[in-house]
Amino acid sequence: MALMPSRVKYRKVQRGSRAGLAWRGNTLSFGEYGLKALERGWVRGAVIEACRVAMNRHMKRKGKLWVRIFPDKPVTKKPIETRLGKGKGAPEYWVAVVRPGMMLFELDGVPEPLAKESLRLAATKLPIRTRFVSRRG
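Residues numbered from 1 in each chain as written. Predicted model: local features only at pLDDT ≥ 70, side-chain atom pairs only at ≥ 80, totals over all residues. Heavy atoms only, no water.

A. Looking closely at the nonpolar core. Core analysis: the largest hydrophobic core is formed by 24 residues, its most contacted members being Ile69, Val98, Leu104, Phe105 and Leu126. Elements with a minimum of two residues in this core: β1 (33–37), α1 (45–58), β5 (90–98), β6 (103–108) and α2 (112–125). In terms of residues, this core owes the most to one element, α2, which gives four residues. Ignoring anything within four residues of it in the chain, the contact list for Leu126 reads Leu35, Val43, Val47, Cys51, Leu104 and Phe105. (Core = buried A, V, L, I, M, F, W, Y, C linked by side-chain atoms within 4.5 Å. Buried < 20%, exposed > 50% of the residue type's maximum accessible area, 1.4 Å probe, protein only. Helix = DSSP H or I, 4+ residues; strand = E, 2+ residues; numbered from the N terminus. Contact = heavy atoms within 4.5 Å.)

Spelled out as structure tokens, the structure:
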């Protein structure tokens, strides 16, 4: 079961703007280490879950992990080989809108080399470029 909201006000939303930088959620708030986005894009709920699983497995469930993004935007798709018209397609999957500077994941309670490797494993699964950050600079 992929990540998605339990209920929403509107079933379908417009594509919206991905422009600008992350003004909120762009600093380490919980953990000692984090993974920061360098590009903008949509990150699917299944991808976020895959990152979470990869990090937890590598850390052998030690330490604490915070997932700072949540897929709350539905992306619709029309059935294949459908002619134009007949309205907007049904929601296909959910995405989190990510802007440059946004903190995606945070870790605490593990040594830095382990945190770095765990976040690197997560970064390989993401469709955007990221950077490892820590409180120590």
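B. Fine view of the environment of Arg83. Turning to its location among the elements, Arg83 is positioned in the loop between β4 (73–77) and β5. On the accessibility criterion, Arg83 (75% relative accessible area) is exposed. In this structure the C-alpha to C-alpha distance between Arg83 and Leu35, which are 48 residues apart in sequence, comes to 42 Å.

C. Spotlight on the packing of aromatic side chains. Using the criterion set out here, one finds two aromatic pairs in the structure. On the numbers, 5.7 Å between centres and 15 degrees between planes, the contact of Phe30 with Trp66 is stacked. Here Phe30 is found in the segment before β1, whereas its partner Trp66 is found in strand β3 (residues 64–67), with 36 residues between them in sequence. The interplanar angle of 20 degrees and the centroid separation of 5.8 Å between the aromatic rings of Tyr33 and Phe132 together place this pair among those described as stacked. With a gap of 99 residues between them, Tyr33 in strand β1 and Phe132 in strand β7 (residues 130–134) connect regions that are remote in the sequence. The side chain of Arg18 reaches across the aromatic face of Trp42, ending 4.2 Å from its centre. Of note, Arg44 hangs over the ring of Tyr93, and the distance from its end group to the ring centre comes to 3.6 Å. (Phe/Tyr/Trp six-rings, centres within 6.5 Å; stacked < 30°, edge-to-face > 60°. Lys NZ or Arg CZ within 6 Å of the ring centre and 35° of its normal.)

D. Expanded view of the packing of α1 against α2. The contact between α1 and α2 brings their axes to 8 Å, and the two run at 155 degrees. Here α2 runs roughly antiparallel to α1, going by the angle between their axes. In this structure, α1 meets α2 at a crossing whose hand is right-handed. Residues Val47, Ala50, Cys51, Ala54, Met55 and His58 of α1 form the contact with α2, whose participating residues are Leu114, Glu117, Ser118, Leu119, Leu121, Ala122 and Lys125. Classifying every residue of the contact of α1 with α2 gives nine nonpolar, two polar and two charged. (Axes fitted to C-alpha atoms, helices over the stretch in contact; angles between N-to-C directions. Parallel < 35°, antiparallel > 145°, perpendicular 65-115°, else oblique. Left-handed = near helix turned anticlockwise from the far one by under 90°. Nonpolar A, V, L, I, M, F, W, Y, C, P; charged D, E, K, R; others polar.)

E. A look at α1. The first and last C-alpha atoms of α1 sit 20 Å apart over 14 residues, in line with the 20 Å expected at 1.5 Å per residue. Of all the residues in α1, the buried ones are Gly45, Ile48, Cys51, Ala54 and Met55. The inward-facing, buried residues of α1 abut β2 (41–44), β3, β5, β6 and α2. Two residues or fewer after α1 comes Lys60, characterised by a positive phi angle close to 50 degrees. (Expected span 1.5 Å × (residues − 1).)

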